[in-house]
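Results of the structural survey
Below are the chains, spelled out letter by letter.
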Amino acid sequence: MNNSMNDLMNLISVLCGGYCLYTWFRLVREKRLFENGILLPKDRKPEDCVDEDAYIRIIRPKLGILGLVIFLFGVFSAINDRCNPPLLEFPLIFIPWGVEAAVLIWYAVSSSRAMKDYF
C-alpha cells in the first residue's frame with residue numbers, strides 16, 4: 001500500500017475508535033439505550049430490550065475497550081508510518097494488528113451473545 005492508502009486506513013481506524021468511544025461516553029452519561037448500530041441488533045429498537053440495565057452493564061465495558069484499542073491502534077499506526085525508521089518494523093507490526101483483531105473478534109462474539117440474550 002502506498003502512503004495515501006495507509007493514511008486513509010489510519011483515519012478510518014481513528015474515526016471508528018472515536019465513534020465507539022463516543023457511544024461509550026453517551027452510554028455512561030445517559031444510562032439508557034439509544035438508536036445506534038453498535039448497540040442494537042438490526043431492525044430493533046431500544047424498547048425491545050428485555051433488561052436494559054443488565055445489557056448496558058454487560059456491553060458498556062466491552063465497548064469502551066474496543067473503542068480505546070481501535071483508536072489507539074489508528075494513532076499508533078499513523079505515528080509509526082510517519083517515523084523514519086518506523087517504531088515497529090514489518091514483522092513486529094503484526095503484534096498490534098493481532099491485538100486489534102483479537103479485541104474486535106472478542107467484542108463481536110460477546111456482543112452477539114448479549115444481543116441474543118436481551119433482544
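Model, not experiment: these values are computed from the prediction.

Cut-offs applied
- Residues numbered from 1 in each chain as written.
- Predicted model: local features only at pLDDT ≥ 70, side-chain atom pairs only at ≥ 80, totals over all residues.
- Heavy atoms only, no water.
- Phe/Tyr/Trp six-rings, centres within 6.5 Å; stacked < 30°, edge-to-face > 60°.
- Helix = DSSP H or I, 4+ residues; strand = E, 2+ residues; numbered from the N terminus.
- Buried < 20%, exposed > 50% of the residue type's maximum accessible area, 1.4 Å probe, protein only.
- Patch = residues over 30% accessible without salt bridge, like charges linked within 9 Å, V, L, I, M, F, W, Y side chains within 5 Å.
- Areas by Shrake-Rupley, 256 points an atom, 1.4 Å probe, with all protein chains shown as cover.
- Salt bridge = Lys/Arg side-chain N within 4 Å of Asp/Glu carboxyl O.
- Expected span 1.5 Å × (residues − 1).
- Bend = angle between axes of the 7 residues up to and from the residue.
- Core = buried A, V, L, I, M, F, W, Y, C linked by side-chain atoms within 4.5 Å.
- Contact = heavy atoms within 4.5 Å.

Tallying each qualifying case throughout the model produces four aromatic pairs. Each ring, one from Tyr55 and one from Phe119, has its centre 5.3 Å from the other, and the planes form 90 degrees; the classification is edge-to-face. Taken as a pair, Tyr55 in helix 2 (residues 52-82) and Phe119 in the segment after helix 3 (94-118) lie far apart in primary sequence, 64 residues in all. Aromatic ring contacts, followed pair by pair, group Tyr55, Tyr118 and Phe119 into a single cluster.

In this model, Lys31 sits at a positive phi of 55 degrees, which is unusual for a non-glycine residue. Within the secondary structure layout, Lys31 lies in the loop between helix 1 (3-30) and helix 2. The class of Lys31 is exposed, set by a relative accessible area of 57%. Even without a glycine there, the phi angle at Asp43 is positive, about 65 degrees. Checked against the element boundaries, Asp43 lands in the loop between helix 1 and helix 2.

On the surface, a cluster of nonpolar side chains totalling about 530 Å² of accessible area is made up of Met5, Leu8, Met9, Leu11, Ile12 and Leu15. As for its position among the elements, Leu11 is in helix 1. On the basis of relative accessibility, which here comes to 46%, the residue Leu11 falls in the partly exposed class.

So, about helix 2. With 31 residues, helix 2 should cover 45 Å at 1.5 Å per step; its first-to-last C-alpha distance of 44 Å lies within 8% of that length. The sharpest bend along helix 2 comes to roughly 30 degrees, located at Ile59, with the proline Pro61 sitting one to four residues further on.

Soluble globular proteins tend to bury their nonpolar side chains together. Among the nonpolar cores identified, the biggest contains 21 residues, and Leu27, Leu33, Leu39, Tyr55, Leu63 and Phe119 are the most heavily contacted of them. Within the residue set of this core, elements represented by two or more residues are helix 1, helix 2 and helix 3. Of the residues forming this core, the biggest block, seven residues, is contributed by helix 2. Apart from the residues within four sequence positions on either side, Leu63 is in contact with Cys20, Thr23, Trp24, Leu27, Ile38, Leu39 and Tyr107.

A separate point is the pattern of salt bridges. Per the counting criterion, the structure on display carries four salt bridges. The shortest N-O distance in the salt bridge between Glu30 and Arg26 comes to 2.9 Å. Of this pair, Glu30 and Arg26 are both found in helix 1, four residues apart, which corresponds to roughly one turn of the helix. A salt bridge links Glu30 to Arg32; the nearest nitrogen and oxygen atoms lie 3.5 Å apart. On the accessibility criterion, Glu30 (23% relative accessible area) is partly exposed. Bridged by salt links that share partners, the residues Arg26, Arg29, Glu30 and Arg32 form one connected network.

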